[in-house]
Amino acid sequence: MTTLIDLAGHMAAEPAADAAVKDVVAVIAQACVQISRVVASGAISGSLGAAGQINVQDEEQKKLDIITNDILRDALKACPAVAGLASEELEEIETTGREGGFLVTFDPLDGSSNIDVNVSVGTIFSILPAPAAGVPTEADFLLPGRRQVAAGYVVYGPQTMLVLTLADGVAGFTLDADGAWRLTHPDIAIPADTAEFAINMSNQRHWAAPVRAYIDGCLAGKDGPRGKNFNMRWVASMVADVHRIAMRGGVFMYPWDAREPDKPGKLRLLYEANPMSLIVERAGGKSTLDGVTPILDVQPTKLHQRVPVVLGSANEVDRVGAG
Ligand code: AHG
Ligand code: MN
Ligand code: MN
């Protein structure tokens with residue numbers, strides 16, 4: 001068996017990316033190896049179940065939300081190239097006392113409602129430039145997604161995989177038994193067409209008219225306006241749903257809905273939508289608020305801001321946007 005190139009080897013061959021960015025990616029990837037071990041140990045390590053506290057999102061934290069947040073936070077605080085971090089599980093930003101370098105935002109455990117039933121979960125991260133001098137403030141994190149210098153996710157599924165975009169392109173690595181990330185998917189490309197959609201159908205009655213019309217068209221299948229049958233999948237872990245789309249195409253939506261009209265969406269811009277959007281665009285797909293406006297162009301106004309998300313195969317995203 002030939003030995004597959006590892007993450008360090010892959011990054012060494014990407015001259016366009018800054019060496020310090022690669023250091024940050026290496027630190028995150030190593031922390032995710034640790035996370036994969038604790039996720040895999042489940043009930044054996046007593047890490048399943050609720051933590052008994054609420055986070056800034058008003059969501060009940062799982063024990064693993066806190067454990068995984070601590071692993072990433074500790075690793076990033078020790079990384080010389082990191083000046084600050086922000087997490088789904090931390091109300092405020094945290095700084096490291098260093099200046100320059102990078103800011104990291106992350107969702108340490110995505111899809112945490114799945115953890116107690118042994119369904120795939122993930123980690124999402126985004127790396128942004130820090131101000132050249134001075135201790136970073138919250139305002140320094142509020143950069144449009146196009147300013148990201150790298151982004152990635154790890155899916156803890158039947159295989160643990162890291163999907164990464166550095167300077168360009170999207171590469172996928174599989175974690176081997178020795179804890180090394182092996183390049184198994186060197187050039188991930190999302191097909192432009194698909195016959196598969198992902199949306200939480202239980203919210204159907206709350207959707208806006210264009211999303212209803214789009215899904216009605218898919219559900220009508222061969223007999224409807226699309227003239228072909230569609231398949232549906234919904235894992236309820238954004239990482240797992242987006243990973244499926246990265247592998248074989250599809251469209252993923254967590255659209256605006258009328259349940260809480262003041263909440264623009266469910267997913268968080270800075271550590272869910274933006275990193276996923278960079279990966280999806282770099283893989284040739286589209287990632288938008290509504291089928292039209294690119295998420296990467298949104299100027300963030302708040303650290304934990306939520307946005308609607310429509311992403312995936314380019315022609316299908318356009319179709320949603322056509323209303
Ligand atoms: P998190 O576990 O980090 O809070 O994120 C969960 C998100 C996302 O992963 C998923 O797509 C969505 O919530 C699922 O929401 P529903 O339970 O409403 O389907
Ligand atoms: Mn999440
Ligand atoms: Mn989370």
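Structure shown above.
Report follows, based on the coordinates. (Residues numbered from 1 in each chain as written. Chains lettered and ligands numbered in written order. Predicted model: local features only at pLDDT ≥ 70, side-chain atom pairs only at ≥ 80, totals over all residues. Heavy atoms only, no water.)

1. A look at the layout of surface pockets
Move 1: A volume near 420 Å³ is recorded for the largest pocket.
Move 2: In terms of lining residues, the largest pocket is bounded by 26 residues, among which G111, S112, S113, A236 and K266 are the most central.
Move 3: Counting residues per element, the ones that place at least two in the lining of the largest pocket are β2 (60–62), β5 (102–110), α6 (238–248), β13 (251–254) and β14 (267–268).
Move 4: Tallied by class, the residues present in the lining of the largest pocket amount to 7 nonpolar, 7 polar and 12 charged.
Move 5: Residues lining the lining of the largest pocket come from more than one domain, with at least three contributed by each of domain 1 (7–185) and domain 2 (196–322).
Move 6: Volume-wise, the second largest pocket comes out at about 230 Å³.
Move 7: Around the second largest pocket sit 16 residues that line it, and V39, A40, I115, N118 and Y156 are the ones nearest its centre.
Move 8: No other element matches the 3 residues that helix α2 (residues 19–41) contributes to the lining of the second largest pocket. (1 Å grid on protein atoms, 1.4 Å probe; cavity = no way out; pocket = protein on both sides within 12 Å on 5 of 7 lines; lining within 4 Å. Points joined across faces, edges and corners; volume = space filled by probe spheres on them. Helix = DSSP H or I, 4+ residues; strand = E, 2+ residues; numbered from the N terminus. Nonpolar A, V, L, I, M, F, W, Y, C, P; charged D, E, K, R; others polar. Domains from an automatic or database assignment.)

2. A closer look at the coordination of the manganese ion (ligand 3)
Move 1: Around the manganese ion (ligand 3), the protein contributes the donor atoms E88 (OE), D107 (OD) and L109 (O), which lie 2.2 to 2.3 Å from the metal centre.
Move 2: The distance between the manganese ion (ligand 3) and the manganese ion (ligand 2) comes to 3.7 Å, and D107 binds to both of them. On the criterion of sequence distance, the pair formed by E88 in the loop between β3 (82–87) and β4 (94–95) and L109 in strand β5 is long-range, its members being 21 residues apart. An identical accessibility class is assigned to E88 and L109; each is buried. (Donors = N, O, S within 2.8 Å, 3.2 Å for Na, K, Ca; no water. Buried < 20%, exposed > 50% of the residue type's maximum accessible area, 1.4 Å probe, protein only.)

3. Notes on the coordination of the manganese ion (ligand 2)
Move 1: The manganese ion (ligand 2) binds to the protein through D107 (OD), D110 (OD) and E272 (OE), with metal-donor distances spanning 1.9 to 2.1 Å.
Move 2: Mapping the donors of the manganese ion (ligand 2) onto the primary sequence yields the spacing D-x2-D-x161-E.

4. Things to note about the pattern of salt bridges
Move 1: One pass over the structure, following the stated rule, counts 18 salt bridges.
Move 2: The network of salt bridges with common partners includes E59, E88, R268, E272 and R306. (Salt bridge = Lys/Arg side-chain N within 4 Å of Asp/Glu carboxyl O.)

5. So, the site of ligand 1
Move 1: Taken together, 18 residues lie around ligand 1, and D110, G111, N200, M238 and Y254 are the ones closest in.
Move 2: A distance of 2.7 Å separates an oxygen atom of ligand 1 from a polar backbone atom of M238.
Move 3: In the model, an oxygen atom of ligand 1 is placed 2.9 Å from a nitrogen or oxygen of the K266 side chain.
Move 4: Considered on its own, ligand 1 offers 470 Å² of accessible surface; in the complex 87% of this is hidden by protein. (Near = heavy atom within 4 Å. Polar contact = N/O pair within 3.5 Å; in protein donor to acceptor, adjacent residues only side chain to side chain. Areas by Shrake-Rupley, 256 points an atom, 1.4 Å probe, with all protein chains shown as cover.)

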